[in-house]
Amino acid sequence: MRIGIVVDSACDLPQSYLQRNNIILLPISVRIGDTLLADQRDETATLNFLAGPLSEQGAEAETIPYDAAQIQALFLEHLVTDFDQVFCLTITRTRSPLYDNVVQASYTILNEYKPIRQTAGYNSPFGLRVIDSQNLFAAQAVSAVEAVRLRDSGASVPQIRQRLEQVAASVHGYMITRDLYYMRARARHKGDRSVGLFSAALGSALDIKPVLHGHRGETAPVAKIKGFDNAVQTLFEFVGKRVARGLMTPVVCISYGGPLEELRILPGYRELRDTCDAHGVTMMEALMSLTGMVNVGKGAVTIGFADEPHRFGS
C-alpha cells in the first residue's frame, strides 16, 4: 500500500527530510502589508526574510492556511492517485483552523475520489485520516517523524493510526522566546490579551524569560528564568534528563528562529546532543518556519519529544 504523509508549514522539519521522505506540505501563506509570502519551508527564503526589512513587521503579519477548497483540489488532483492512504497531521486545532479545514475537505474528497482513481487505473479504495498533532513547531514534528518510521517499518494502516494518535497525545513541546515585547505585540495583533504590557516590560527589564509548555493543545508558562542563555541551558538539561529516563519515540526535535549555527553554540546544546547519542535518540534540528517566526519572533527555541506526563524541572 502506498502511504502518504501530509504536514503543514508550521511543522519544523528540515527541508531535506521532507523531500527525502516524500512528505507532502500544506503551505501556509504569510501576509505582511501588501506582500504575500508562501511558506514552503524553503530555508534560503526564510533566512532571506530574516535579513530583510519585512522581518521588522512580523508582529503584524497574517498567517493564512489552506482553506477547504484548496485542500480538496490538492487531494483530488494529485494525492488520491499518488497514494492509497494518506495521514494528514496538522498544527494543533486550538491555534489554527487548518485541522477543521482538512476535516471539512475530507467529506468531499472521500465522496468524489472513486472515478478519479478508476481513470488512473486504481480500483482499490482511498483512505484519509486527519490527525491533530495537538502541538506546534518542533513538537509538531515528533508525530511526523514517527509516521515516517511506522510507514517505513511496514506497519498496517490501523497500527499507524492508533500509534499516531497515542503519540500526539504524549508530545511535550517547550519554547523560549527572546523578545517579550514582540510576543505582546503579536498577541495583541491576533486579539490575544494574555501577554500584558506590564508583564512584558517587567520581564524585559529584568531579563526574565518564560519557559512555555505545550501539551494536548494547551500552552502555558511553567518557569521563569533570568537570561535567555541560562533559560535555554536549563531547558536543554531538563530534556537531557527525560531522554536518559526513556522517551516514547527515539527522537527529539528542535527548531530555532535563525541560522542553525547560532543554535549549536547555545549553552547546553552540545551536552544534549551527546546525551541523545548515548541513548540512541535522534536529535533532529530545523530552521523554524516563516510561519513560526512571525508568531514567536526571531531567535526563539522550540523543542519537542514524546514522553509520559512530567513536571518541568523534575
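Residues numbered from 1 in each chain as written. Predicted model: local features only at pLDDT ≥ 70, side-chain atom pairs only at ≥ 80, totals over all residues. Heavy atoms only, no water.

Some thoughts on the pattern of salt bridges
Let me state the cut-off plainly: Any Lys or Arg side-chain nitrogen found within 4 Å of a carboxyl oxygen on Asp or Glu counts as a salt bridge. Each helix is a run of H or I in the DSSP string that is no shorter than four residues. Each strand is a run of E no shorter than two, and both are numbered from the N terminus.
Applying the stated criterion across every chain, the model contains 17 salt bridges. Residues Arg 41 and Asp 12 are paired through a salt bridge, measuring 2.8 Å at the closest nitrogen-oxygen approach. Linking Arg 41 in the loop between strand 4 (35-39) and helix 2 (43-51) with Asp 12 in the loop between strand 1 (3-8) and helix 1 (15-20), this pair joins segments that are 29 residues apart in sequence. A salt bridge links Glu 62 to Arg 31, with the nearest nitrogen and oxygen atoms 3.1 Å apart. A residue pair is termed long-range when its members are at least 10 positions apart, and Glu 62 in strand 5 (residues 62-64) and Arg 31 in strand 3 (residues 28-32) qualify at 31 residues. Put simply, Arg 2, Asp 84 and Arg 117 are held in one network by salt bridges that share partners.

Overview of unusual backbone geometry
Of note, Arg 41 is a non-glycine position whose phi angle comes to about 55°, a positive value. Despite not being glycine, Arg 216 shows a phi value in the positive range, around 55°. With respect to the helices and strands, Arg 216 occurs in the loop between strand 9 (208-215) and strand 10 (218-226).

Focus: the sheet that holds strand 1
Using the following cut-off: At least two bridges found by DSSP between two strands are what make those strands a pair. Only the stretch in contact is used when a helix axis is fitted, and all axes are lines through C-alpha atoms; the angle between N-to-C directions ranges over 0 to 180 degrees.
The strand order across the open sheet formed by 4 strands is 2-1-6-7, and the pairing between neighbours is parallel. The sheet terminates laterally at strand 2 (23-26) and strand 7 (127-132), the two strands that pair on one side only. Sheet twist, expressed as the mean angle between neighbouring strand axes with direction ignored, is 25°. Where strand 6 (residues 85-90) lies against strand 7, 6 bridges are found, and the strand directions are parallel.

Examining the sheet that holds strand 4
Read from one edge of the open sheet, 3 strands run 4-3-5, paired in antiparallel fashion. Unpaired on one side and paired on the other, strand 4 and strand 5 mark the two borders of the sheet. Strand-to-strand twist in this sheet, taken as the mean axis angle between neighbours without regard to direction, amounts to 25°. With 3 bridges joining them, strand 3 and strand 5 adopt antiparallel strand pairing. Paired with Val 30 across the bridge in strand 5 is Thr 63.

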